[in-house]
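A closer look at the structure
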Amino acid sequence: MTEEAPNVQKAGKIGFFDSGLGGLTILKVVAKELPQYDYVYYGDTANLPLGDKTEEEIYQLTKAGVEALFKKDCLLVVIACNTASAETLRRLQDGFLKDNYPDRRILGVVIPTVEALINSDSTSTLLIATKRTVESGKYALELQNRSPRKIKLYSVPTPELVPLIESGDRAEALSKAIVTIEEEKGSNQFDTVILGCTHYTKLKDGLRAHFNSSLKILSQDEIIPNKLVNYLERHPELESHFSQGSTRTIHLTLHRPDYDNALKELLGGVII
Ligand code: DGL
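Residues numbered from 1 in each chain as written. Predicted model: local features only at pLDDT ≥ 70, side-chain atom pairs only at ≥ 80, totals over all residues. Heavy atoms only, no water.

**Some details on the overall build of the chain**
The number of helices and strands found in the chain is 12 helices and nine strands. Along the first, second and third principal axes, the C-alpha atoms of the chain reach 55 × 50 × 35 Å. Sorting the 272 residues of the chain into buried and exposed places 53% on the buried side. Accessible surface computed for the chain: about 12,200 Å², of which carbon and sulfur atoms make up 49%. (Helix = DSSP H or I, 4+ residues; strand = E, 2+ residues; numbered from the N terminus. Buried < 20%, exposed > 50% of the residue type's maximum accessible area, 1.4 Å probe, protein only. Areas by Shrake-Rupley, 256 points an atom, 1.4 Å probe, with all protein chains shown as cover.)

**Some thoughts on the layout of surface pockets**
To find the voids left in a structure, one rolls a probe of water-molecule size over its atoms. If you add up the space inside the largest pocket, you get close to 420 Å³. Residue lining of the largest pocket: 20 residues in total, with Leu107, Gly108, Ile111, Pro112 and Tyr231 positioned closest to the centre. Those elements that place two or more of their residues in the lining of the largest pocket are α3 (82-100), β4 (105-107), α4 (110-118), α6 (138-146) and α10 (224-234). Broken down by element, the residue count for the lining of the largest pocket peaks at five residues, all from α10. Residue classes in the lining of the largest pocket are distributed as 10 nonpolar, three polar and seven charged. (1 Å grid on protein atoms, 1.4 Å probe; cavity = no way out; pocket = protein on both sides within 12 Å on 5 of 7 lines; lining within 4 Å. Points joined across faces, edges and corners; volume = space filled by probe spheres on them. Nonpolar A, V, L, I, M, F, W, Y, C, P; charged D, E, K, R; others polar.)

**A closer look at the pairing of strand β2 (residues 39-43)**
When you tally the buried positions in β2, you get five out of five residues, the bulk of the element. Of the two faces of β2, both are covered, the one formed by Tyr39, Tyr41 and Gly43 as well as the one formed by Val40 and Tyr42. Where strand β1 (residues 13-18) and β2 come together, five bridges link them in parallel fashion. Opposite Phe16, over in β2, you have Tyr41 as the bridge partner. Assessed by its sense of winding, the connection that carries the chain from β1 through helix α1 (residues 22-33) to β2 is right-handed. (Pairing = 2+ DSSP bridges. Right-handed = clockwise from strand over helix to strand, strands pointing away.)

**Quick word on the site of the ligand**
As a structural note, the neighbourhood of the ligand is formed by 14 residues, with Ser19, Leu50, Asn82, Thr83 and Thr198 the closest of them. One of the side-chain nitrogen or oxygen atoms of Ser19 is found 2.5 Å away from an oxygen atom of the ligand. Note that an oxygen atom of the ligand is positioned 2.7 Å from one of the side-chain N or O atoms of Thr83. Expressed as a share of its isolated accessible area of 290 Å², the protein-covered part of the ligand is 99%. With respect to the detected pockets, the ligand is housed in the largest cavity. (Near = heavy atom within 4 Å. Polar contact = N/O pair within 3.5 Å; in protein donor to acceptor, adjacent residues only side chain to side chain. Sits in = over half its atoms within 2 Å of the grid points.)

**Some remarks on the pattern of salt bridges**
If charged atoms from side chains of opposite charge come close, those side chains can pair. Within this structure, the stated rule accounts for 12 salt bridges. For Glu135, the salt bridge goes to Lys131, with nearest N and O atoms at 3.7 Å. Separated by four residues within a single helix, Glu135 and Lys131 lie in helix α5 (residues 131-136), roughly one turn from each other. For the salt bridge of Glu222 with Arg208, the shortest nitrogen-to-oxygen distance reads 2.9 Å. Here the residue Glu222 occupies a position in the loop between β8 (216-218) and α10, and Arg208 occupies one in helix α9 (residues 204-211), the gap between them amounting to 14 residues. Residue Glu222 is classed as partly exposed on the basis of its relative accessible area of 41%. Residues participating in the shared-partner salt-bridge network are Glu115, Lys138, Glu142, Arg146 and Lys227. (Salt bridge = Lys/Arg side-chain N within 4 Å of Asp/Glu carboxyl O.)

Rendered as structure tokens:
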């Protein structure tokens, strides 16, 4: 018996959704690994940060972003945002996708990160993430459901980091992240820190330089690209419908002049 090919267009793109520019750090590495595909990025900068909003607001904003990407011919959308993945992925897949776009796919970033943690040698981990990601309990739940061994998970919300990173104040964001982690180290033992927000990938070098080998830093730009490559290898029925024009299109719902430098740094050398 052969699997029936889904009824999808032949010119499909890969979409990335985030509330701001954080998801671009993931797209940058994905596009390096898989340069042949056409990528569309949707950054809902007008509604940033998502991490302080209600679950329903996050759902509606994420659904709008995903739908905009589907209308731009994306067959697959990666929700490159932990807050949106934690709060909306299951609901989007089970309702919105099945009812409206049964041949498209939506992937998130929480499960691949939990899998990377399970495959590491960590026994005790600190998650730093937005308020909603922490409150969702999604990391703890997926870890409990998937891990064959006990990994202790602590989590602490760091809501001040996204606005600082988004406005380009990386030094201030880094020093706040270091203070938070040091404080947690005062009361809990952990060997690994999950940067559970795609914006925080920008802090990974500074955190590694500060903590040296005393802490392992899990950063999603080093996790998601390989997982996506692997997913596409396992899903040729989807991959075979992707167009291969090597284009990158960026849509921001609100553009600020200071974003230009960030976009240049993140996308240097690729076509916008
Ligand atoms: N990059 C998003 C995440 O991974 C930031 C969410 C926000 O806008 O607060 O959670």
